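# Breakdown of the fold
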Amino acid sequence: MNGRPIRSVLALALVLGASCRSGEQDAPGGGARARDVVPQFAHSASADSMLSEGESTYRRGEYDSAKVLLVGGQRVALAAGDSAAVARALTWLGLAAWKKAEYEDARLVGERALQMKLRLGLKRDLFRSYNALGLLAHAEGRLSDAASLFTKANSAAREVNDSVSIAKALGNLGLVHADAGAFDLARSEFKTLRASAQRTGDSVAEGNALANLGMLEVRSGDATAAIGWLSLARKAYGNPDPAQEENVLGHLGTAYSALGDAQRAIAYIDSALNVARKHDLKLQEAEDLQVFAELLGEAGDHQRALEHLNRARTVARLIGADGRGGEIERSRARELALISRHDLARAAARDAINTHRSEGFLLEELRDNLLLAEIAQTSRRSSEAQGALRAADSLSTLLKLDIARENVALGRARVGDLANDAAGVLRSLPAQETFARMGPPAQGEAHALRARAFARLGQWPEAVSSGRQALERLEGIRQKIGEGPLRTSFVSEQSAVYADLVIALLRLGRTSEAFEVADAARGKSLLEHIVALGREASTTTADLAESEQLLRRIDWLTERLRLADTISAPDRGGKPRLDLSDLASRLAEARHDYEDRIKRVSARDPRSAALLGVFGPRADVIRASLAPGELLLEYMATPSGLHIFAATRDTIAWAKSPATLEQLAPRVRLAVELTSRKGAASRPLVLRALYDLLIRPIAPIVSLSRFTSLVIVPHSVLAHLPFAALVAPSGRYLVEDHSILFLPSASALPYLRNEQVSAGDNKTSIFAPFPAELPGSRVEALAVKRVVPRPTSYLGDLATERRLRETFARPGIVHIASHAQVNHANPMFSHVELARGTPGATADDGRFEVHELLGIAVKSQLVFLSGCETAAGVAWSTSFRRAHDYATLSQAFLYSGARDVVATLWRIDDRGASTFASRFYRELSARPAAEALAMAQRAMIRDSVYSSPRYWAAYTLAGRGGTNRSAQSLRVSSVK
């Protein structure tokens with residue numbers, strides 16, 4: 001996992017042999033937290049039967065019930081003077097407390113049981129006590145104590161010639177050796193345990209050995225082998241207890257994360273977390289929270305990652321597992337550094353080093369030092385950084401592990417990159433270093449670091465070659481992340497890699513290739529969705545729909561998890577939630593089916609083979625999709641400034657603006673605030689300044705006056721800017737001279753415009769669900785009704801979600817004027833509100849949510865969203881977080897098949913909304929949508945009542961722009 005800590009495993013090689021019944025009486029010593037209740041049958045049952053029942057209950061994972069039975073058995077044994085049975089009860093009570101992470105109780109009870117056995121000379125039962133106390137020490141992170149106790153367990157087993165227990169003690173020693181970095185020794189010990197378990201038919205012990213072999217392969221960098229071992233472990237367990245189930249699920253999650261398959265990783269970790277919480281497995285809960293936090297951090301959501309890490313730290317401290325806090329502290333240090341809290345990050349990294357050093361976690365200490373070196377170099381503490389690197393080198397020499405060597409090589413390169421030491425980076429990353437153990441994320445990062453080093457040395461061809469290799473690795477990871485915010489966030493986090501390659505290509509004069517890479521930096525979710533749907537009856541099949549629905553369902557569950565860690569309540573429709581463990585396996589199958597489907601569609605559709613290049617459609621294909629008189633402007637922000645690509649049917653060129661993303665963000669925010677509020681000046685100075693930064697730089701490369709239409713592909717904060725209101729030096733608004741069409745990426749344009757659009761069916765539908773609550777929506781509905789042919793109106797209770805779905809199933813134009821809400825915490829639940837329909841029906845509950853929209857095929861030529869901020873994503877309220885810009889209602893409709901979507905950047909005045917809508921539809925009867933929108937905006941500008949940009953600048957059009965279709969053939973289907 002690219003230097004991230006690998007999951008710390010709770011050993012499950014627990015040995016439970018035959019019990020010894022001889023011994024003398026001793027004082028009571030039940031677990032302090034066991035309920036002081038004895039079942040009614042206790043007085044008539046033998047201690048042996050009660051303890052056996054308690055042990056069986058323990059094995060089923062019902063630890064609280066087991067404690068009740070064991071306390072009862074202990075009391076019966078005391079009454080009968082059976083000291084051996086008392087010691088047996090104490091041993092199991094200690095194990096139950098261990099499972100419940102009640103470590104103080106577990107230690108007191110376990111040590112009491114051991115002392116009783118030593119006094120009574122119960123040699124055959126000593127192994128179990130030493131082993132249980134060793135498991136406790138390992139769980140707490142006391143490696144030296146754990147090693148000593150497991151060694152004593154081994155000796156006790158050898159003294160009584162118990163070969164099975166000998167193997168199990170060795171298996172548990174393997175856990176200590178794995179934590180200490182002695183992987184070869186640990187592997188031998190786990191295999192010894194497996195062989196012994198196979199000989200004796202002990203499926204649980206075999207499952208434990210296999211799970212630990214899987215854990216070891218994850219740690220040593222072979223995640224593919226790990227998945228194989230873990231699959232065998234699941235089969236060996238058959239019906240695993242909760243701890244065993246959580247263990248395997250958690251390791252599968254970390255294995256898939258190491259392979260760069262974040263979607264499957266999240267599904268497995270979520271399943272493990274649910275099991276841990278359901279059965280009160282506190283240590284495992286802390287570990288799962290940590291791994292989930294790391295996944296969020298890798299995807300770019302650092303703040304939420306810190307929240308999860310703080311919860312993990314709280315749980316670990318609550319149960320006294322301070323020794324396990326080192327990995328949590330290292331993860332905190334990384335996330336703190338990524339949000340520029342370097343002082344806190346350095347402190348956390350040093351805490352991690354001290355914890356791991358004191359407990360003998362050598363490989364983890366090595367990784368701590370590498371992170372500290374990065375943080376120190378970022379803070380310009382070069383001497384501290386070099387000292388941390390030397391410490392990591394020493395540990396690598398001691399460990400003699402490939403994974404350690406790879407970690408050090410990549411860590412040195414990271415520090416060299418931060419120090420602008422290009423030669424040092426290349427020395428640290430020789431071409432023969434493949435990072436086979438660390439996997440695709442590390443391989444992609446190594447190529448990216450090489451690319452940047454070559455660029456600093458002016459070796460541009462080498463920079464391009466390494467940059468392309470980096471993006472190929474990253475693309476492989478991206479394709480394994482389900483559609484949704486994690487995928488978009490991942491691409492956004494890697495934007496610097498795309499930017500470096502763009503700059504290198506431009507230095508070599510390869511402008512078209514640079515344009516293709518810049519467009520690929522936005523991700524290809526929309527493009528892939530269009531290709532997968534096929535848009536044609538021959539490719540829109542039931543199996544694809546089912547696969548897509550499953551993927552969307554997983555994304556929905558993922559988003560709910562991001563909001564509340566896990567899902568405990570039933571779905572809104574009253575159905576019990578799906579089992580996440582089952583979903584994880586179904587997801588893997590569906591993901592493969594989905595990707596195969598894309599390949600099959602591409603093979604059948606000659607357009608796809610011609611259009612798709614390495615990073616998406618080739619630049620010449622995109623240019624060919626432009627209409628005469630149309631200019632495409634694509635923006636890409638880099639640390640050195642804003643790159644602007646200007647593409648026409650004939651050529652492509654580029655210009656650079658000095659504005660950086662950090663400089664643009666406050667200006668865009670100010671522009672929106674001034675333009676949207678009442679009483680604002682009609683032409684604020686900031687709109688002139690933004691014109692100079694965004695439009696004027698292209699003057700030397702293209703004559704803007706030659707073009708009547710602009711296709712704008714914004715980047716990050718620019719997606720929230722009302723481009724139509726930018727003020728030229730002449731004093732005219734941009735929209736007065738040009739119609740404007742927006743796209744999330746240029747790569748989608750050829751597909752959108754190559755589709756064959758069917759004519760409408762002459763039926764027009766208007767929905768107004770809240771005419772009383774929103775009187776402006778009634779006025780707007782009547783205004784639209786007057787200008788569209790033969791409308792059918794659904795007002796009030798008739799305007800249900802079911803009828804809206806029916807409208808979307810046929811060609812037409814859909815006008816939605818209702819409440820619309822963007823869910824800033826969870827964009828999959830952004831929604832349009834409609835009238836409630838069938839009671840209890842989730843699909844007709846009046847909340848048409850994004851995750852539901854993405855599961856249907858919208859056949860409407862145009863959707864008009866006359867609501868609040870329907871074109872603005874959640875990034876507007878979160879300081880323009882790039883990771884969430886995909887989540888606009890406008891783009892969701894494009895994803896689902898709408899050809900064009902009119903939406904708003906802010907709430908529009910009711911009177912202005914009805915006037916604008918009627919003007920737009922009058923124009924639409926005679927011209928394409930992009931032109932109709934521009935004509936309506938110009939009419940508002942000329943109207944003294946509505947001339948302020950507040951009334952018209954918020955309207956945006958995304959999609960195909962109405963090009964290549966006959967406006968006269970369309971019939972309006974309006975939703976109000």
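Nothing here was measured: the structure is a model prediction, and the numbers come from that model.

## A look at the overall build of the protein
A tally of regular secondary structure across the protein gives 40 helices and 15 strands. Taking all 976 residues of the protein together, the buried fraction comes to 64%. Considering only intrachain contacts with a sequence separation of at least 6, the fraction spanning at least 24 residues in the protein is 73%. When the accessible area of the protein is evaluated, it comes to approximately 34800 Å², of which 50% is carbon and sulfur surface.

## Section: the sheet that holds strand β11 (residues 847-849)
An order of β9-β10-β11 is seen for the three strands of this open sheet, with the pairing classed as antiparallel. This sheet does not close on itself; its edge strands, each paired only once, are β9 (820-821) and β11. The pairing of strand β10 (residues 831-833) with β11 spans three bridges and is classified as antiparallel. Bridging across to β11, His-831 finds its partner in Glu-849.

## Brief notes about the pairing of strand β8 (residues 813-816)
Covered by surrounding structure in β8 are Ile-813 and His-815 together with Val-814 and Ile-816, the residues of both alternating faces. The pairing of β8 with strand β12 (residues 862-865) spans four bridges and is classified as parallel. Along β12, the bridge assignment pairs Val-814 with Val-863.

## Digging into the environment of Met-935
Topologically, Met-935 is positioned in helix α39 (residues 929-942). With relative accessibility at 26%, the residue Met-935 sits in the partly exposed group. Sequence separation between Met-935 and Leu-924 is eleven residues; the distance between their C-alpha atoms is 9.4 Å. Ignoring any residue separated from it by four or fewer positions in sequence, one finds Met-935 in contact with Glu-923 and Arg-927.

## Some remarks on the packing of aromatic side chains
Taken as a whole, this structure holds 16 aromatic pairs when the rule is applied. When the ring of Phe-920 is compared with that of Tyr-921, the centres are 5.1 Å apart and the planes differ by 70°; the resulting orientation is edge-to-face. Every member of this aromatic cluster is reached through a ring pair, and the members are Phe-864, Phe-916, Phe-920, Tyr-921 and Tyr-955. Across the ring face of Tyr-951, the terminal group of Arg-950 is positioned such that the distance to the ring centre comes to 5.5 Å.

## Describing helix α25 (residues 511-520)
The α-helix winds at 3.6 residues per turn, so residues separated by three or four positions along the chain end up facing the same way. With eight of ten residues buried, α25 is to be regarded as a mostly interior element. Every buried residue of α25 is listed here: Thr-511, Ala-514, Phe-515, Glu-516, Val-517, Ala-518, Asp-519 and Ala-520.

## Some words on the nonpolar core
Generally speaking, nonpolar side chains in soluble globular proteins are found buried as a group. Counting residues in each nonpolar core, the largest one holds 113 residues, and the members touching the most others are Leu-694 and Phe-920. What Phe-920 contacts, discounting residues up to four positions off in sequence, is Leu-862, Phe-864, Val-902, Ala-929, Ala-932, Leu-933 and Ala-936. Counting residues in each nonpolar core, the second largest holds 84 residues, with Leu-210, Ala-265, Ala-316 and Ala-442 among its members.

## Observations concerning the pairing of β12
Within a regular strand, side chains alternate between the sheet's two faces. Residues Leu-862 and Phe-864 line one face of β12 and the alternating positions Val-863 and Leu-865 line the opposite face, and both faces are buried. Sheet topology places β12 next to strand β13 (residues 900-904); three bridges connect them, and they run parallel. Looking at β13, one finds that Leu-862 is bridged to Asp-900.

## Brief notes about the pattern of salt bridges
In the structure shown here, the tally under the stated rule is 46 salt bridges. Put simply, Arg-452 and Asp-417 hold a salt bridge, and the shortest N to O gap is 3.0 Å. Here Arg-452 is found in helix α21 (residues 440-456), whereas its partner Asp-417 is found in helix α19 (residues 402-418), with 35 residues between them in sequence. Within the structure, one salt-bridge network assembled from shared partners comprises Asp-64, Lys-100, Arg-277, Asp-280, Lys-282 and Glu-285.

## What about helix α38 (residues 910-924)?
With 15 residues, α38 ought to run about 21 Å at 1.5 Å a step, and its terminal C-alpha atoms sit 21 Å apart, in line with that. Taken residue by residue, α38 has Gly-912, Ala-913, Ser-914, Thr-915, Phe-916, Ala-917, Ser-918, Phe-920, Tyr-921 and Leu-924 as its buried positions.

## Describing the packing of helix α5 (residues 126-140) against helix α6 (residues 143-159)
Working note: a packed helix pair is described by the angle between its axes plus the distance between those axes. It is the contact of α5 with α6, at a shortest axis distance of 8 Å, that shows an interaxial angle of 165°. Taken together, the axes of α5 and α6 lie roughly antiparallel to each other. The element α5 and its partner α6 pack so that their crossing is left-handed. Residues Leu-126, Phe-127, Tyr-130, Asn-131, Leu-133, Gly-134, Leu-135, Ala-137 and His-138 of α5 lie in contact with α6, whose contacting residues are Leu-143, Asp-145, Ala-146, Leu-149, Phe-150, Lys-152, Ala-153, Ala-156 and Ala-157.

## Regarding the packing of helix α3 (residues 83-99) against helix α4 (residues 103-120)
The contact between α3 and α4 brings their axes to 8 Å, and the two run at 155°. Relative to α4, α3 is oriented roughly antiparallel. The interaxial crossing formed by α3 with α4 has left-handed handedness. Where α3 approaches α4, its residues Ser-83, Ala-84, Val-86, Ala-87, Leu-90, Thr-91, Leu-93, Gly-94, Ala-97 and Trp-98 are matched on the opposing element by Tyr-103, Asp-105, Ala-106, Val-109, Arg-112, Ala-113, Met-116, Lys-117 and Leu-120.

## Brief notes about the side chain of His-738
Tracing the backbone shows His-738 in the loop between β4 (709-713) and β5 (739-742). For His-738, the side chain forms a polar contact with the main-chain oxygen of Phe-707, separated by 2.7 Å. Ignoring any residue separated from it by four or fewer positions in sequence, one finds His-738 in contact with Leu-704, Phe-707, Thr-708, Leu-710 and Arg-938.

## Examining unusual backbone geometry
Residue Asp-280 is not a glycine yet carries a positive backbone phi of 60°. Exposure remark for Asp-280: the relative accessible area of 24% places this residue in the partly exposed category. The residue Asn-420 is not glycine, and still its phi comes out positive at about 60°. Relative to the assigned elements, Asn-420 resides in the loop between α19 and α20 (422-428). Given a relative accessible area of 55%, Asn-420 falls into the exposed group.

## Some points on the environment of Val-164
Along the chain, Val-164 falls in helix α7 (residues 163-180). For Val-164, a relative accessible area of 24% translates into the label partly exposed. Residues Val-164 and Arg-199, 35 residues apart in the sequence, show an inter-C-alpha distance of 9.3 Å.

## A look at the confidence of the model for the protein
Per-residue pLDDT for the protein averages 78, and the proportion of residues at 70 or more is 77%. A low-confidence stretch, residues 873-887 (pLDDT under 50), is modelled with 47 contacts involving residues beyond four sequence positions or located in other chains.

## A closer look at the environment of Leu-170
Structurally, the position occupied by Leu-170 is in helix α7. Since its relative accessible area comes to 21%, Leu-170 is described here as partly exposed. Each C-alpha atom, one on Leu-170 and one on Thr-151, is 8.1 Å from the other, the two residues being 19 residues apart in sequence.

Reading the values: the criteria
- Residues numbered from 1 in each chain as written.
- Predicted model: local features only at pLDDT ≥ 70, side-chain atom pairs only at ≥ 80, totals over all residues.
- Heavy atoms only, no water.
- Helix = DSSP H or I, 4+ residues; strand = E, 2+ residues; numbered from the N terminus.
- Buried < 20%, exposed > 50% of the residue type's maximum accessible area, 1.4 Å probe, protein only.
- Contact = heavy atoms within 4.5 Å.
- Areas by Shrake-Rupley, 256 points an atom, 1.4 Å probe, with all protein chains shown as cover.
- Pairing = 2+ DSSP bridges.
- Phe/Tyr/Trp six-rings, centres within 6.5 Å; stacked < 30°, edge-to-face > 60°.
- Lys NZ or Arg CZ within 6 Å of the ring centre and 35° of its normal.
- Core = buried A, V, L, I, M, F, W, Y, C linked by side-chain atoms within 4.5 Å.
- Salt bridge = Lys/Arg side-chain N within 4 Å of Asp/Glu carboxyl O.
- Expected span 1.5 Å × (residues − 1).
- Axes fitted to C-alpha atoms, helices over the stretch in contact; angles between N-to-C directions.
- Parallel < 35°, antiparallel > 145°, perpendicular 65-115°, else oblique.
- Left-handed = near helix turned anticlockwise from the far one by under 90°.
- Polar contact = N/O pair within 3.5 Å; in protein donor to acceptor, adjacent residues only side chain to side chain.
- pLDDT = per-residue confidence, 0-100.

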